[in-house]
Amino acid sequence: MLLKDATVATLDPPRVERTSLRLEDERLVDRSPSLAPAAGEEVVDLEGALVLPGLVNAHTHLYSALARGMPGPDEPPRSFVEILERVWWRLDRALDEESVHLSGLVGAIEAARSGTTVLFDHHASPSFVAGSLATLRSAVERVGLRSVLCYETSDRNGLPGRDAGLPGRDAGIEENRAFLAGGPTALTRGMVGAHASFTLSDESLERLAGVVRDANSSLHVHVAEDRADVEDCRVRSGTGLVERFRRHGLLTRRTLLVHGVHLGEPELQEAQASGAWLIHCPRSNMNNAVGHAPTVAFRRAALGTDGLDEDVLAEARTAFLKMRDAGRSDAFAAAFDLLVGGHRLAAAAFGLPLGRLDAGAPADLVVLDYRPPTPLSADNLAGHLLFGLDRSHVRSTMVAGRFVLRDRQVTTVDEAAVFASAREAAGRLWERMRQP
Ligand SMILES: [Zn+2]
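Computed from a predicted structure; not experimentally measured.

Rules used throughout
Residues numbered from 1 in each chain as written. Predicted model: local features only at pLDDT ≥ 70, side-chain atom pairs only at ≥ 80, totals over all residues. Heavy atoms only, no water. Donors = N, O, S within 2.8 Å, 3.2 Å for Na, K, Ca; no water. Tetrahedral: all angles 85-135°; square planar, octahedral: opposite > 155°, others 65-115°. Buried < 20%, exposed > 50% of the residue type's maximum accessible area, 1.4 Å probe, protein only. Helix = DSSP H or I, 4+ residues; strand = E, 2+ residues; numbered from the N terminus. Pairing = 2+ DSSP bridges. Right-handed = clockwise from strand over helix to strand, strands pointing away. Salt bridge = Lys/Arg side-chain N within 4 Å of Asp/Glu carboxyl O. Axes fitted to C-alpha atoms, helices over the stretch in contact; angles between N-to-C directions.

**A word on the coordination of the zinc ion**
Here is step 1: Listed as protein donors to the zinc ion are H59 (NE2), H61 (NE2), H222 (NE2) and D306 (OD); their distances from the metal cover 2.0 to 2.1 Å.
Here is step 2: Here the zinc ion binds four donor atoms, and the angle range of 91 to 157° at the metal identifies the geometry as irregular.
Here is step 3: Owing to a relative accessible area of 12%, D306 belongs among the buried residues under this scheme.

Set out below in structure tokens:
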């Protein structure tokens, strides 16, 4: 296939060029402004439309795809822990196989429509643990996206009123282990998931570390999202959070530390020096009123939507505005670097040059109906990404050489039928959430 006459913009380093791209199977094989169609080759004339590498969502919860518009708790939560207890832990306990499958389909469709091609998902469904990651994989692969999946292991004890979840913990550890043992597929990888320090005992961390070691994998965990996590860690282990994970051998290359809102600068430096990544989720942090992450110390970092949606451009814009609001003069570069970080993280996870649109790179790209009223160049690409572009411009999304969205139509699944099933399943899910 020849994608003719595109305005190709890549971020690492910033580069904008009017050119054509040739693909074969899942890869780009040629790039030049002067490519002529070969005999029998399908030609897609983009007439100068903008093409970006597919965007990367470095932390999401597909399981919350059916939460949009759900009734709130009877008593409004007054703290972050109460938000978990009264909203998210009621939702995840009510999930069954059908709702997990539909959440995966809906979330992946939303991602494709947002130009997001890679999802790092953090999954929890305590009433349907064994096989939940394979269920999600089949949904996301049916839509046609890449994902890195893990199960959010948690004791959920130590919190008053919670049912002690050690069988649930063991099932979660086993689900991570079994999924990793099944090996990667073309589009999917595994990680080892854990909820957060404050819902995991030392024994649980040791057992997770065993899975990380045996599978040569790494941990994906919420860290210092709220001050309660920091305080719990002090009481529980007499240390900071990064030190607690380090002691248990969980601070390894490509560990994903999500949020880091209440980490100090020395901790952030130690974590990043160890090869861990910080995942910044500014809209979620605002939504939960947990504070603003110290992004000035984020170097090895990427953006996550934390399940609010799959819209990475919206996350980037919010990250930028929060940094400006905090008085940072380098916010353009810093927000842009978070998008670049997503590509670097995904490239490392898949062992592929994701984020590049040169010969040899995977054909993972987004076509946008974006014809700006001002010049677009490598020098001002950040300005266009943060002030101009949004998901409404996404016309087509391609993953591994296959259009999953083409001219605004999802090509891989019947979107209307999926959404109709999802609306029915969401009603039943919300009903189950009301049960004690
Ligand atoms: Zn999260």
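**Structural notes on the pairing of strand β7 (residues 116–121)**
Here is step 1: Counting buried positions along β7 gives six out of six residues, so the element sits mostly inside the fold.
Here is step 2: Bridge count between strand β6 (residues 55–60) and β7: four bridges; the pairing is parallel. What sits directly across from N57, in β7, is L119.
Here is step 3: Summarising the sheet, β7 and strand β8 (residues 146–149) pair through three bridges and their orientation is parallel. Its bridge partner being in β8, F120 is matched across the sheet by V148.
Here is step 4: Handedness of the β-α-β unit built from β7, helix α3 (residues 132–143) and β8 comes out right-handed.

**A few points about the pattern of salt bridges**
Here is step 1: Under the criterion given, the structure shown has 33 salt bridges.
Here is step 2: Here D170 and R169 are joined by a salt bridge, their closest N and O atoms 2.9 Å apart.
Here is step 3: Under the relative-accessibility criterion, D170 is labelled partly exposed at 30%.
Here is step 4: Of the charged contacts in the structure, one is a salt bridge between R395 and D369, with a shortest N-O distance of 2.7 Å. Placement of the pair is R395 in strand β16 (residues 394–399) and D369 in the loop between β15 (365–368) and α12 (381–387), with a sequence separation of 26 residues.
Here is step 5: Accessibility expressed as a relative area gives 27% for D369, which makes it partly exposed.
Here is step 6: Connected via shared salt-bridge partners are R15, E17, R31 and D358.

**Looking at the sheet that holds strand β10 (residues 192–196)**
Here is step 1: Taken in spatial order, the five strands of this open sheet run β10-β11-β12-β13-β14, and their pairing is parallel. Strands with a single pairing partner mark the edges of an open sheet, and in this sheet they are β10 and β14 (301–303). Pairs of neighbouring strands in the sheet enclose a mean axial angle of 25°, with direction left out of account.
Here is step 2: For β10 and strand β11 (residues 219–223), the ladder comprises four bridges, and the chain directions are parallel. Along β11, the bridge assignment pairs A194 with V221.

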